[in-house]
Amino acid sequence: MPAPLETTPLQLGPVRPPARLPSLGRRLLVLVVVPLLPALAILVLATVRLRDAAREQARATVGDLALSIAAVAQRDIAAARALLDSMARHPAVARGSDADCHAALARLQAGHAELNALSRTRPDGWSSCSAIPMATPVSVYANPSFQRPLRSMRFEVGDFQISRLTGVPVLVLAQPWFDERGTFRWMLAASIRLAAIERVLQTARGARETELLLLDSAGTVLAKAVSDTGAAHVSRLQAQARRAPPIGEATRLLETTTETGTAALLATRRIALGSRTSVVLAVRQPARVAYAQADRALLRDLLILVLGAAASTWLAWRVAQRHVVASLTPLVTAARRLAAGDTAARAREVGRVAEFAELGATVDAMIDALLARQAQYSALADRSPDAIVRATV
């Protein structure tokens, strides 16, 4: 009987996955990082809403401040109008000489710090009687604060102007006085200082970076609370404040810049003080101050998100290495040994994960089945009278 033909045992080299495929650990890290993206989107949305809330807060602040200024102005106007009524009933003012009129007005004005001066003017516009001594008579005929009540022949709130007697900004109120025969005899006037309004501005200023400006209808600065009183600084803020909305409209909020190029929020509102008299309130604040709360919240939430992401990534990496990669290592090692020709290789225990343990047991059973089948083929070859090529794996 011819001898069987023997061949060199077949040796399989180690099998390596393609180099460009990502590892299982990296894929698991992606599963951890991807859910953080919605959290980041929610964080950005929350920051946008906080900034919108800051803008609305700026509008509300200017609205409240406008109400405070209007209340102070209306209080002073009401007090000045009451004094005008007292002037009209005072004999020394109604029919007295300039000296008697001056003494009476000085007594009426005493104790009213909000007043600048009380005065009596003839129908031709010449004024020679005032609570403040006058060296010579002064003509106010061309002044709008005189012309307005002269045309309407009733009480009027005039425009803001610089007082000739004291040189400070004042609001002039005037009303005509008629004698018992109905003849127009005098124009009685009271000018109000802006000291009370300036105190409101200084109190409301708060942070040093916040700047407030009060303008008349012509754009003249009446009162201010600014960090820099230089002409260029005030001039730029004055130009920006002129873009105020009409009376009755809500506060207008603009994003602008300061003289140094710093981003800022500018809120403007027009305040009515009379039927034809208004002032413009402007409040400018650096954006970093206005959005400070939103920026702090963003920084805090970003820090929490980064720390949470780092902790989650580290934990995921540890879990992947210990429970996934480490569990698959015996299976990979057994497969490589088997490919190298070691038929004694087994996966044995594959970690503590049920699915991986089942996979390891299945691989071991497959190796045992292959070896049993190989033993059957070898026994068949030994008993066969024909020549069989045997390849050992």
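Residues numbered from 1 in each chain as written. Predicted model: local features only at pLDDT ≥ 70, side-chain atom pairs only at ≥ 80, totals over all residues. Heavy atoms only, no water.

**Student:** I'm lost on the sheet that holds strand β5 (residues 169-178) in this one. Help?
**Tutor:** Two pairing modes exist for strands in a sheet, parallel and antiparallel, and in both the strands are linked by backbone hydrogen bonds. Sheet architecture is open: 6 strands sit in the order β3-β2-β1-β6-β5-β4, paired in antiparallel fashion. If you trace the sheet from one side to the other, it starts and ends with β3 (138-139) and β4 (156-162), each paired once. Pairing analysis gives 3 bridges linking strand β1 (residues 115-121) to strand β2 (residues 126-130), with the strands arranged antiparallel. Across the sheet, Arg 120 pairs through a bridge with Cys 129, a residue of β2. (Pairing = 2+ DSSP bridges. Helix = DSSP H or I, 4+ residues; strand = E, 2+ residues; numbered from the N terminus.)

**Student:** I tried to follow the sheet that holds strand β9 (residues 252-257) on my own but got confused; where do I start?
**Tutor:** In space, the 5 strands of this open sheet follow the order β8-β7-β11-β10-β9, with antiparallel pairing throughout. Of all the strands in the sheet, the pair left with one neighbour each is β8 (221-225) and β9. Here the strands of the sheet are splayed against their neighbours by 20° on average, with no regard to which way each runs. Note that strand β7 (residues 211-216) and β8 share 4 bridges and pair antiparallel. In the strand pairing of β8, Leu 212 is matched with Ala 225. Along the sheet face, helix α2 (residues 36-89) touches β7, β9, β10 (263-272) and β11 (278-286) and points at about 35° away from the line of β10. Set on the sheet, helix α6 (residues 195-205) makes contact with β7, β8 and β11; between it and β8 the angle comes to about 30°. (Axes fitted to C-alpha atoms, helices over the stretch in contact; angles between N-to-C directions. Contact = heavy atoms within 4.5 Å.)

**Student:** Would you mind showing me how to read the pairing of β4 here?
**Tutor:** Judged from the 5 bridges that link them, β4 and β5 form a sheet pairing that is antiparallel. Counted as the bridge partner of Ile 162 is Pro 169 from β5. Between the end of β4 and the start of β5, which pair antiparallel, lie 6 residues, with Gly 167 showing a positive phi angle near 75°.

**Student:** What am I meant to see in the packing of α2 against helix α9 (residues 292-339) here?
**Tutor:** What describes two packed helices is the angle between their axes and the distance between those same axes. Running from N to C, α2 and α9 point in directions that differ by 170°, and their axes come no closer than 9 Å. Accordingly, the angle class assigned to the pair α2 and α9 is roughly antiparallel. Taking contact as the criterion, the partners of Leu 36, Ala 39, Leu 40, Leu 43, Thr 47, Leu 50 and Arg 51 in α2 are, on α9, Ala 294, Asp 295, Ala 297, Leu 298, Asp 301, Leu 302, Leu 305 and Ala 309. (Parallel < 35°, antiparallel > 145°, perpendicular 65-115°, else oblique.)

**Student:** I would appreciate a short explanation of the side chain of Ser 163 in the present structure.
**Tutor:** Within the element layout of this structure, Ser 163 appears in the loop between β4 and β5. Among the polar contacts made by the side chain of Ser 163, one reaches the side chain of Thr 166 at a distance of 3.3 Å. Excluding residues within four positions of it along the chain, Ser 163 makes contact with Asn 116, Val 168 and Val 170. (Polar contact = N/O pair within 3.5 Å; in protein donor to acceptor, adjacent residues only side chain to side chain.)

**Student:** Can you help me understand the nonpolar core in this one?
**Tutor:** Where a protein is soluble and globular, its nonpolar side chains tend to be buried together. In terms of nonpolar packing, the biggest core is built from 56 residues, with Ile 69, Leu 105, Leu 173, Leu 201 and Leu 281 touching the most fellow members. If one sorts the elements of this core by residue count, α2 sits on top with 14 residues. Residues contacting Leu 281, with those up to four places away along its chain left out, are Val 62, Leu 65, Ala 66, Ile 69, Leu 201, Leu 213, Leu 214, Ala 267, Thr 268, Arg 269 and Ile 271. Counting 10 residues, the second largest nonpolar core, distinct from the first, contains Leu 215, Leu 237, Leu 266 and Ala 282. (Core = buried A, V, L, I, M, F, W, Y, C linked by side-chain atoms within 4.5 Å. Buried < 20%, exposed > 50% of the residue type's maximum accessible area, 1.4 Å probe, protein only.)

**Student:** Explain the pattern of salt bridges here, please?
**Tutor:** Pairing is possible between side chains of opposite charge, provided their charged atoms come close. Throughout the structure, instances matching the rule amount to 8 salt bridges. Residue Asp 76 is joined to Arg 75 by a salt bridge in which the shortest nitrogen-to-oxygen separation is 3.3 Å. Here Asp 124 ties to Arg 122 by a salt bridge, and the two come within 3.4 Å at their closest N and O atoms. In this structure Asp 124 comes out as partly exposed when scored by relative accessible area, which is 38%. Relative accessible area serves as the criterion here: at 34%, Arg 122 is assigned to the partly exposed category. (Salt bridge = Lys/Arg side-chain N within 4 Å of Asp/Glu carboxyl O.)

Functional significance is not addressed by these values, which are geometric in nature.
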